[in-house]
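Listed below are the residues making up each chain.
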Amino acid sequence: MSAVASARIDNGIRMEGLVKTFRGPHGPIHAVRGIDVSIAAGETAALLGPNGAGKSTTIDMLLGLAKPDSGTVSVFGRAPRDAVDDGLIGAMLQTGELIRDLTVREIIAMMASLYPDPMSVDEALKLTGLKDTAGQRTQKLSGGQTQRVRFAIALVSNPDLLVLDEPTVAMDVEGRREFWVIMREFAARGRTVLFATHYLEEADANADRAILMAHGRIVADGPTTEIKARVGRRTIRATLPEVDPARLAALPGVASSDRHGDAVILSCTDSDQAIRALLENHPLARDIEITGGSLEEAFLELTGEPDVDESGREVR
Amino acid sequence: MNGVAYTRYELRRTFRNRRFFLFSLGFPLVFYWLLAVPQRNNHNFAGSGLSVPLYYMVGLAAFGTMVSMISTGARIAGERQAGWTRQLRISPLPARAYFRAKVLTGYGMAVSSLLLLYASGVALGVSLPAQRWLGMTALILVGLLPFAALGILIGHLVTTDSVGPVIGGGVSILAFLGGTWFPITSGFLRTLGPFLPSWWLVQASHVALDGHGWGARGWLTVAAWTAILSASAGWAYRGDTNRV
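Rules behind the numbers
Residues numbered from 1 in each chain as written. Chains lettered and ligands numbered in written order. Predicted model: local features only at pLDDT ≥ 70, side-chain atom pairs only at ≥ 80, totals over all residues. Helix = DSSP H or I, 4+ residues; strand = E, 2+ residues; numbered from the N terminus. Buried ≥ 20, exposed ≤ 12 C-beta atoms within 10 Å, placed from the backbone. Contact = placed C-beta atoms within 7 Å. Pairing = 2+ DSSP bridges. Axes fitted to C-alpha atoms, helices over the stretch in contact; angles between N-to-C directions. Domains from an automatic or database assignment. Left-handed = near helix turned anticlockwise from the far one by under 90°. Nonpolar A, V, L, I, M, F, W, Y, C, P; charged D, E, K, R; others polar. pLDDT = per-residue confidence, 0-100. Core = buried A, V, L, I, M, F, W, Y, C linked by C-beta atoms within 7 Å.

K.L.:
Explain the overall build of chain B to me, using residue names and the numbers behind them.
P.N.:
When you go through chain B residue by residue, the secondary structure sums to 13 helices and 0 strands. For chain B, the C-alpha atoms occupy an extent of roughly 60 × 35 × 35 Å along the three principal directions. Going through the 244 residues of chain B one by one, you find that 44% of them count as buried.

K.L.:
Can you lay out the overall build of chain A for me, pointing to particular residues and giving the numbers?
P.N.:
Per the secondary structure count, chain A includes 12 helices and 15 strands. Relative to its 316 residues, chain A shows a buried fraction of 42%. Considering only contacts in chain A between residues 6 or more positions apart, those separated by 24 or more positions represent 67%.

K.L.:
Describe the sheet that holds strand β13 (residues 286-291) of chain A, with residues and values.
P.N.:
Residue and element names in this part refer to chain A. With antiparallel pairing, the 4 strands of this open sheet are ordered in space as β11-β12-β10-β13. Pairing within the sheet leaves two strands with one partner each, and these edge strands are β11 (254-260) and β13. In this sheet, adjacent strand axes meet at a mean angle of 15° when their direction is disregarded. In the sheet, strand β10 (residues 234-239) pairs with strand β12 (residues 263-268) via 6 bridges, with the strands oriented antiparallel. Each residue of the ladder has a partner; that of Thr239, found in β12, is Ala263.

K.L.:
Residue-level account of helix α11 (residues 197-205) of chain B, with values.
P.N.:
All names here are of chain B. The element α11 is extensively covered by neighbouring structure, given that 9 of its 9 residues are classed as buried. Three or more residues of α11 are buried, namely Pro197, Ser198, Trp199, Trp200, Leu201, Val202, Gln203, Ala204 and Ser205. Close packing links the buried residues of α11 with α3 (52-70), α7 (130-143), α8 (145-157), α9 (160-178), α12 (207-210) and α13 (216-239).

K.L.:
Residues and numbers for the sheet that holds strand β4 (residues 70-75) of chain A, please.
P.N.:
Residue and element names in this part refer to chain A. The 3 strands lie next to each other as β2-β1-β4, forming an open sheet whose pairing is antiparallel. On the outer flanks of this sheet lie β2 (27-39) and β4, each paired with one strand and no other. This sheet shows a mean twist of 25° between the axes of neighbouring strands, independent of strand direction. Across 5 bridges, strand β1 (residues 13-24) lies against β4 in antiparallel orientation. Across the sheet, residue Val19 finds its bridge partner in β4, namely Ser70.

K.L.:
I'd love a proper account of the domain arrangement of chain A, names of residues and values included.
P.N.:
If you check the domain split of chain A, you get domain 1 (3-88 + 159-229) and domain 2 (233-292). Taken over C-alpha atoms, the centre of domain 1 of chain A sits 40 Å from the centre of domain 2 of chain A.

K.L.:
Got a sec to walk through the packing of α3(B) against α9(B)? Specific residues and values, please.
P.N.:
Residue and element names in this part refer to chain B. For the pair α3 and α9, interaxial distance at closest approach is 11 Å and the crossing angle is 145°. In the packing of α3 onto α9, the handedness of the crossing is right-handed. Residues Phe63, Met66, Val67 and Ile70 of α3 form the contact with α9, whose own contacting residues are Ile167, Gly170, Val171, Leu174 and Ala175. Counted by class, the contact of α3 with α9 contains 8 nonpolar, 1 polar and no charged residues.

K.L.:
Describe the pairing of strand β3 (residues 44-48) of chain A, and please don't skip the residues or the numbers.
P.N.:
Residues and elements named next belong to chain A. The buried fraction of β3 is high, at 5 of 5 residues. Side chains Thr44, Ala46 and Leu48 of β3 all project onto a buried face; the interleaved residues Ala45 and Leu47 project onto the opposite face, where all are buried too. Of the strand pairs in this sheet, β3 and strand β7 (residues 192-197) are connected by 5 bridges, and their pairing is parallel. Across the sheet, the residue bridging to Thr44 is Val193, located in β7. Pairing geometry for β3 and strand β8 (residues 209-214), over 4 bridges, is parallel.

K.L.:
I'd like a description of the interface of chain B and chain A, backed by residues and values.
P.N.:
The interface is formed by 20 residues belonging to chain B together with 22 residues belonging to chain A. Residues of the side of chain B that touches chain A, tallied by class, amount to 9 nonpolar, 5 polar and 6 charged.

K.L.:
Give a detailed account of the confidence of the model for chain B, specifying residues and quantitative values.
P.N.:
On average, chain B scores 91 in pLDDT, and the residues at 70 or more come to 99%. Both confidence scores are given for the complex: pTM 0.82, ipTM 0.86.

K.L.:
So what's going on with the confidence of the model for chain A? Residues and values would help.
P.N.:
Across chain A, pLDDT averages 86, with 88% of residues at or above 70. A low-confidence stretch, residues 1-9 of chain A (pLDDT under 50), is modelled with 6 contacts involving residues beyond four sequence positions or located in other chains.

K.L.:
Give me the pairing of β13(A): which residues, what numbers.
P.N.:
All names here are of chain A. Across the 6 residues that make up β13, only a small minority, 0, are buried. Bridge count between β10 and β13: 4 bridges; the pairing is antiparallel. Bridged to Arg237 within β13 is Glu289.

K.L.:
Account for the environment of Ile290(A), with residues named and values stated.
P.N.:
All names here are of chain A. Structurally, Ile290 can be placed in strand β13. Assessed through the 15 C-beta atoms surrounding it within 10 Å, Ile290 is described here as partly exposed. Separated by 18 residues in sequence, Ile290 and Asp272 place their C-alpha atoms 9.7 Å apart. Residues contacting Ile290, with those up to four places away along its chain left out, are Arg234, Ile236, Ser271 and Ile275.

K.L.:
Please give an account of the nonpolar core that cites residues and values.
P.N.:
Ranked by internal contacts, the top residues of the largest apolar core, which has 77 residues, are Ile89(A), Ile108(A), Ala152(A), Val156(A) and Val163(A). Looking at this core, the element that brings in the most residues is helix α6 (residues 143-156) of chain A, giving 7 residues. Once residues lying within four places of it in the same chain are set aside, the contact partners of Ile108(A) are Val121(A), Ala124(A), Leu125(A), Ala152(A), Ile153(A) and Val156(A). Membership of the second largest hydrophobic core comes to 57 residues, among which are Val58(B), Ala77(B), Leu153(B) and Ala208(B).

K.L.:
Would you mind going over unusual backbone geometry in detail, with residue names and values included?
P.N.:
All names here are of chain A. Residue Glu166 is not a glycine yet carries a positive backbone phi of 45°. Mapping Glu166 onto the fold places it in the loop between β6 (161-165) and α7 (173-187). Backbone geometry places Asp287, a non-glycine residue, at a positive phi of 55°. Relative to the helices and strands, Asp287 is located in strand β13.

Following this line, the structure appears as structure tokens:
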């Protein structure tokens, strides 16, 4: 790693050896079981995983809301609490309603007043498309509007680090689309963004990098394209009657093959090599389709298998 | 940054919540009218030499303001349930600014309650020298400090399900042992009473009757409770970062 890159990471977010266990009614719940993550300043990272993967607990530790049992967190070289006190972090937590009896404008202005270098309230209203709702009381808002106000509260602090924990849960399709446009616009200002989601397409479309969590551990971490390449095999489908699947499976770049009537399906480790070999050896192959592995498949492959904790008990 | 704007918005939204506002203030007031109106011309209540409207105005001044202060706890429990407290915790709002806002909204309610009660008393013929009005009011405001802290403490310890019974029960017991409803003149309760902040709140309201403020014991007791409950409220707030 070059000196420049390491300095950038030092200036970003660093979580080392984080462990958090809760007491549950049936024994300890190992929410986070030793994770290491570094996020460079300016990076947009997705924390991806199913419910119960430990995403929210990780975010709570990042924000100083939960104290790790062991491990350290540093946000721009500071302890989380200090980063919060310095107004460097804006966050939209997973659960949360708004307090009532204030207008949208007032609640945003109230939160803006707490930060050293906030955005103007008008800018936050404009960014989040709340201009026409500014005079409404918070208790009269729809679920989608409430999420927008919560997003505006996170943005108005003008944070260096924006943390979003499953931000689009209560939104409709159009609301989601607009939300990510705003998020990317904000990230393009050079801010660091970490968002948790279990919508794979959101991570794929909006993050530079995906950190996959399952059962309290990180199971993959890299650019979304790299994660797909790592496990998402490409598939070749073709119409090719009367060829023994075993012969096809022996072609270079092919891991396995399957026959459904006249159609064959080749699962490939290297689809470029496989398609060349297929056409050379079986020129009659037609209706050829090559499909890439989706992040969804990658995700299932990486996190779908049951995990076993130290006691040998299967954990969920 | 120093939380002044935050306090202003907190006050604004407290006074905008009509249901909370009317119930908190209306309850002692309705109580007062029910008790005092039928006997408003009785000028020697139970041989005390005091008129009925004066007697109950004083009793409900202590009770009503105590309810106003502790009710802060119900509001805080609601905010915790909504996840709002966690939202504040990830902002730079200092703990002392948060407490100041909560204490001031409690005082806002308490003062409103007092003024309505005084106005009702005057309407029913209560008349006092100016220094008694002022002395009673000033001492009540000081005597409310432990209850401001108690409200915050309850709000950060109790969930919305149980905050009603906790506050209702707590207020009833404190009011009873403090001598709000009838004078406690002898026995174990007479020994116990002066250890409680509600006792001194009632004594503060009695400035209207006899012109006497607290002695050293009163000041010390109120100061001690304020210190203990404030420290406990601070501890409860600091520990209160989990999802509720």
